[in-house]
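Listed below, chain by chain, are the residues.
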Amino acid sequence: MTTHETRHSQQQLIDDDAGIERLLDEMTLREKAAQLAGTFVGTMGETKTVDDAADAIRDFGIGFVTPFGYGASPHRDSQEVVEIANRLQRVAMEESRLGIPILIPVDAIHGNAYVEDTTVFPHNIGVAAARDRDLAEQIGTVTATEVAATGSSLTYGPTCDVARDPRWGRTFETFGESPYLIGELAAAKARGVDDAPVDVATMAKHFPAYGEPERGEDTAPVDRSLSSLYRDFLPPFERVLEAGVEGIMPSYNSINGEPSHGSRNWLTDVLREELGFDGYVASDWNGINMLHENHHVAPDARDAIRQAVDAGVDVHSLGGEGHVEAVVDLVDSGELSEAAIEQSVRRVLQLKADLGLFEDPFVDADESAETLDRPDHQAVSLEAARKSMTLLQNDDDCLPFDPDAEDVLVTGPNADSLVNQVGGWSLKEEHELDGTTIREGIESFTSDETTVRYEQGAGIDESGDVEAAADAAADADAAVVVLGENWYIHEFGPQDVTGPTEEFPNRAEITLPESQQALLEAVVETDTPTVLVVVAGRPLSIPWAAEHVDAIVHAYFPGAQGGQAVAETLFGANNPSGKLPISVPRSAGHLPVRHNYLANPTPIGEDEHLSSYDPLFGFGHGLSYTTFEYRDLSVSSDTIADGESVTASVTLANTGDCAGEEVVQVFGGRDHASVVTPVEELVGFERVSLEPGEETTVSLEVPSDAFDVVRPDGSSRFEAGPITLRSESLEASLESVAER
């Protein structure tokens, strides 16, 4: 058979039930190894071009290429991205021996935000504040649609990490601190991708535990007991596997001394055998090389590859030609079996077939232009930003401001910066982004008779003209001070900065830097009604603001439409309904602070030390412009057995003067158990909309496994004993029974 005939026959081969096996029989060992190696375009230690990627496909048969859509890729507009994707697929289909298409992954963390002309959503931490499963599904669907329209077929996500240390620079990528909340929203996002009218795969990350690194330092070790790993970190992955994801990405860090990328225990014994995952595992970028270069558990790069493949990693995302050569050598030497390599290749080929890449991997440029950044897509982004707005404080009903006010001051480093507003894992130049800043949103929303004056006042970590801002505040009817963090990824670093920096934001500071604090204090001293809007990816410790500022709104990183959502919230068109997905600490010295802490004794008495959970603002906190009354929390049964569920019902009434949405949250915990358990966990939530004077009964089904007891060895069991459920200040009790 000629090379052309071999390429032409691949679609027929894959369409047959035994097609993948026939294709495997056609492949040399080198071609098999190449399907498990990826390359990139951009600068990551070395610079690689699109031509370099094309050569790797043509000469080596590389199976994965990331030519755009990640932190170190060059800036691309949407049409250029489509041209690159089509060019590389054409090389794979027409110029490689077997004509196997490539898979193009992207970092679509909050929309396809590394490509121009796409919809940029609030980051996951804001989506978690919205507590809306349907909304998370819509975000997944829009993201998949726009990812496919630019020639990609895999999105790195959903993120299943549990953020248990807010010093960590990747907190904003997560859905917060509650394993239950994270699992529900990650699963919803995965369903949304699956329901999209396109074929795009998902890759849950970062397995098994990443969100509580020592010192809050990104990629630092996670040294936790087996009971903590199974109770606090694995549940979101279990939930998202039930929803269906095609890929899993290991975490960079070590778990109790064993790096995830080299752990057969976690990637094979737990992931595949215990949890039943049958998809493919791809390294987190440079994770395999780190076994040698950073973890020092491998003497060289070759042995790092051996360890990773033996552990259960199928694809080396940055492996390139070196990975191909190493795998061939390891098989030839007998250190790896060709059967194991073939099993990994099966998973990759099956995924490419399922995504329709053998049939048609190309993108129509005109259709792409019509798909990206559509008004209905932008509407989902705006709705997500609206629902995420979290009103932390509103003394004397300072908010909402009057849109007909004569003079409004807008100040702060995040008031007029779209780059800071969208946050990391996005394009980071103003001219590359299209959206509405908070300043622009306020200018558009307020009356034509209103004068909106803007004074930046301060930079993120640089002093500015505080006096000008204070003078403007003194003459204003209302002041909007927009502070917080700027664009960053990983350890608070933009890709174009070499080496660590002490500038804010960093993991040593979780409060406002001096420059921003000075601006806030100067404005507040004028006695003008003032709101602090926090644009940040983590909970910042702001005790001075909590004591002195009239109102505080946490906007997270609200995405490209966030400026409009903030303006609507400040001036009353959007009634805030967000609930904190992560606790706000009083100071770094109070860490760790999370709602699901383990109970502990007080040796001398109740007055020996302060409360174990003493946040500035607690998990689940969020105010409204209306008032809600909770009544009559009840359960459908006085007992619950293993494998059953119980329905918790509560009456909710809107007792205020305006319509509003409330997230009903139910927390649960065991009164006692055979081992120490969390005092309570979030076990259910539902978003409800009510008109003034309206009331409804909200019913939430809670399964028995919400009350499973995790033993020291990581095993779970359902125990008999009393359980308490709580919603707001109401409590209900039931008894778990070993047998029915």
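The rules behind each value
Note on numbering: residues in each chain are counted from 1, in written sequence order. Where local features are concerned, this predicted model is filtered to residues with pLDDT of at least 70; where side-chain atom pairs are given and counted, the filter is 80 or more; whole-chain, interface and lining totals use all residues. Side-chain numbers come from the whole structure's heavy atoms, not from hydrogens or water. What counts as a helix is a DSSP run of H or I of at least four residues, what counts as a strand is a run of E of at least two, and both are numbered from the N terminus. Only the C-alpha atoms count toward the radius of gyration. The rule for a globule is 2.2 Å times the residue count to the power 0.38. Relative accessible area decides the class of each residue, using a 1.4 Å probe on protein chains only: under 20% of the type maximum gives buried, over 50% gives exposed, and in between gives partly exposed. Here a residue-residue contact requires only that any non-hydrogen atoms of the pair lie within 4.5 Å. Here the open area of atoms and residues is found with the Shrake-Rupley method and a 1.4 Å probe, where only the protein chains shown may cover a residue. The charge count includes Lys and Arg as positive and Asp and Glu as negative, but it does not include His or the ends of the chains. To locate a charge, the coordinates of NZ of Lys, CZ of Arg, CG of Asp or CD of Glu are taken. Each residue carries a pLDDT score, the predictor's own confidence in it, on a scale running from 0 to 100. By nonpolar core is meant a set of buried Ala, Val, Leu, Ile, Met, Phe, Trp, Tyr and Cys residues that side-chain atoms within 4.5 Å join together. Axes here mean lines fitted to C-alpha atoms, for a helix over just the part in contact, with angles spanning 0 to 180 degrees between N-to-C directions. In what follows, roughly perpendicular refers to angles from 65 to 115 degrees, roughly parallel to angles under 35, roughly antiparallel to angles over 145, and oblique to any angle outside these ranges. Any residue outside Ala, Val, Leu, Ile, Met, Phe, Trp, Tyr, Cys, Pro, Asp, Glu, Lys and Arg is labelled polar, Gly included; the first ten of those are nonpolar and the last four are charged. Only centres within 6.5 Å qualify two rings of Phe, Tyr or Trp (six-membered ring in Trp) as a pair; their planes then separate them into stacked at under 30 degrees, edge-to-face at over 60, and tilted for everything else. Expected span of a helix, by definition, is 1.5 Å for each gap between consecutive residues, and there is one gap fewer than residues. Throughout this description, a polar contact denotes any pair of N or O atoms lying within 3.5 Å of each other; where both atoms belong to protein, one of them has to be capable of donating a hydrogen while the other can accept it, and for residues adjacent in sequence the pair is counted only when both atoms sit in side chains. Cavities and pockets are defined on a 1 Å grid built over the protein atoms alone: a cavity is a set of grid points where a 1.4 Å probe fits but cannot escape, while a pocket is an open set with protein on both sides within 12 Å along at least five of seven lines, and lining residues are those with an atom within 4 Å of any such point. Grid points are joined across faces, edges and corners, and a volume is the space filled by probe spheres set on the points. In what follows, a disulfide is any cysteine sulfur pair within 2.5 Å. Like-charged residues are merged into a patch within 9 Å and nonpolar side chains (Val, Leu, Ile, Met, Phe, Trp, Tyr) within 5 Å, provided each residue has over 30% relative accessible area and no salt bridge. In the sections that follow, a salt bridge refers to a side-chain nitrogen of Lys or Arg positioned within 4 Å of a carboxyl oxygen of Asp or Glu. By the convention used here, strands pair only if DSSP detects at least 2 bridges between them. Crossing handedness is defined as follows: a turn of the near helix away from the far one that is anticlockwise and smaller than a right angle gives a left-handed crossing, while the clockwise case is right-handed.

Check the secondary structure of the protein chain and you find 23 helices and 27 strands. What you see for the protein chain is a C-alpha radius of gyration of 26 Å, in line with the 27 Å of a compact globule of 740 residues. Seen through its C-alpha atoms, the protein chain measures out along the principal axes to roughly 80 × 65 × 45 Å. In the protein chain, buried positions account for 61% of the 740 residues. Look at the contacts in the protein chain between residues 6 or more apart in sequence, and 77% of them connect residues 24 or more apart. Accessible area for the protein chain stands at about 27,000 Å²; split by element, carbon and sulfur atoms hold 43% of it. For the protein chain, the distance from the average position of its 47 positive side-chain charges to the average position of its 135 negative side-chain charges is 8 Å.

With that settled, the discussion passes to the confidence of the model for the protein chain. Per-residue confidence for the protein chain gives a mean pLDDT of 95, with 96% of residues at or over 70. A low-confidence stretch, residues 1-6 (pLDDT under 50), is modelled with seven contacts involving residues beyond four sequence positions or located in other chains.

Let us look at the nonpolar core. A general trend in soluble globular proteins is that nonpolar side chains are found buried together. Ranked by size, the top nonpolar core spans 129 residues in total, and within it Leu88, Phe207, Ile248 and Leu349 carry the most contacts. If near-sequence neighbours (up to four positions away) are discounted, Leu88 is found in contact with Val50, Ala53, Ala54, Ile57, Val65, Pro67 and Ile102. Formed by 81 residues, the second largest nonpolar core is a distinct cluster that contains Leu391, Phe401, Val422 and Phe571.

A separate point is the packing of helix α13 (residues 301-311) against helix α14 (residues 320-332). Running from N to C, α13 and α14 cross one another at 75 degrees; their axes reach a closest spacing of 10 Å. Overall, the two elements α13 and α14 adopt an arrangement that is roughly perpendicular. Along its contact with α13, which presents Arg302, Ile305, Arg306 and Val309, the element α14 presents His323, Ala326, Val327, Asp329 and Leu330. Of the residues belonging to the contact of α13 with α14, the class tally is five nonpolar, one polar and three charged.

Considering all chains together, one arrives at 16 aromatic pairs under this definition. Taking 5.5 Å as the distance between ring centres and 90 degrees as the angle between the ring planes, the aromatic pair formed by Phe172 and Phe557 counts as edge-to-face. Highlighted residues: Phe172 in the loop between β6 (154-159) and α8 (179-195) and Phe557 in the loop between β17 (551-554) and α23 (562-570), separated in sequence by 385 residues. Per residue, the accessibility class of Phe172 equals that of Phe557, and both read buried. Here a set of aromatic residues connected by ring pairs shows up, and it is made of Phe172, Tyr488, Phe492 and Phe557.

With 18 residues, helix α5 (residues 78-95) extends 25 Å from end C-alpha to end C-alpha; this agrees with the ideal 26 Å at 1.5 Å per step. All of the buried residues in α5 are Ser78, Val81, Val82, Ile84, Ala85, Asn86, Leu88, Gln89, Val91, Ala92 and Met93. Its side-chain oxygen placed 3.2 Å from the backbone nitrogen of Gln79, Asp77 serves as the N-cap of α5.

Further remarks concern the layout of surface pockets. Roughly 1,000 Å³ of volume is contained in the second largest pocket. Together, 33 residues line the second largest pocket, and Pro235, Glu238, Asp705, Ala706 and Asp708 are the ones closest to its centre. Elements with a minimum of two residues in the lining of the second largest pocket: α8, α9 (226-233), α10 (235-243), β21 (660-670), β22 (681-690), β23 (695-703) and β24 (709-710). The dominant element in the lining of the second largest pocket, judged by the number of residues it contributes, is α10, at five residues.

Take the state of the cysteines next. Under the defined criterion, the tally for this structure stands at zero disulfides. The structure places no disulfide on Cys398, whose sulfur is separated from the nearest cysteine sulfur, that of Cys658, by 15 Å. Given the relative accessible area of 13%, Cys398 is considered buried. In this structure Cys658 comes out as partly exposed when scored by relative accessible area, which is 27%.

On the surface, a cluster of negative charge is contributed by Glu238, Asp269, Glu273, Glu274, Asp642 and Asp705. Structurally, the position occupied by Asp269 is in helix α11 (residues 264-274). Taking relative accessible area as the criterion, Asp269 reaches 30% and is therefore assigned partly exposed.

With mixed pairing, the five strands of this open sheet are ordered in space as β19-β27-β26-β21-β22. Looking along the sheet, the strands with just one partner apiece sit at the ends: β19 (639-641) and β22. Between one strand and the next, the sheet's axes are offset by a mean angle of 25 degrees, whatever the strand orientation. Looking at chain direction, β19 and strand β27 (residues 730-737) are connected through three bridges and run parallel. Looking at β27, one finds that Ile640 is bridged to Ser736.

Moving on, we get to the sheet that holds strand β16 (residues 530-535). Reading across from one edge, β12-β17-β16-β15-β13-β14 is the order of the six strands in this open sheet, with mixed pairing throughout. At either margin of the open sheet sits one strand with a lone partner, and together these are β12 (390-394) and β14 (451-455). Neighbour-to-neighbour, the strand axes of the sheet open up by a mean angle of 20 degrees, direction not taken into account. Against the sheet, helix α20 (residues 466-474) engages β13 (407-411) and β14, with an angle of about 160 degrees to β14.

Turning our attention to unusual backbone geometry. Along the chain, Leu399 connects to Pro400 via a cis peptide bond; the corresponding omega equals 0 degrees. Turning to its location among the elements, Pro400 is positioned in the loop between β12 and β13. For the peptide bond that leads from Leu591 to Pro592, omega is -5 degrees, which places it in the cis range. With respect to the helices and strands, Pro592 occurs in the loop between α23 and β18 (628-635). With a phi close to 50 degrees, Asn256 is a non-glycine residue in the positive phi region. Topologically, Asn256 is positioned in the loop between β9 (254-255) and β10 (258-259).

Glancing now at the packing of helix α7 (residues 133-149) against helix α17 (residues 375-388). Running from amino to carboxyl end, α7 crosses α17 at an angle of 145 degrees, the nearest separation of the two axes being 10 Å. Of the two elements, α7 crosses α17, and the hand of that crossing is left-handed. Taken together, the residues of α17 that come into contact with α7 (itself represented by Leu135, Gln138, Ile139, Val142, Thr145 and Glu146) are His377, Val380, Ala384 and Lys387. Here the contact of α7 with α17 is built from residues that sort into five nonpolar, three polar and two charged.

This part covers the side chain of Lys48. Here Lys48 lies in strand β3 (residues 46-48). It turns out Lys48 is buried and unbridged, and the closest side chain with the opposite charge, Glu46, is 4.1 Å from it. Among residues more than four places away in sequence, those in contact with Lys48 are Thr39, Phe40, Val41, Gly42 and Glu321.

As for its placement among the helices and strands, Ala308 is situated in helix α13. Each C-alpha atom, one on Ala308 and one on Lys205, is 17 Å from the other, the two residues being 103 residues apart in sequence. Beyond its immediate chain neighbours, meaning those up to four positions away, Ala308 contacts His261, Ile288, Leu291 and Val313.

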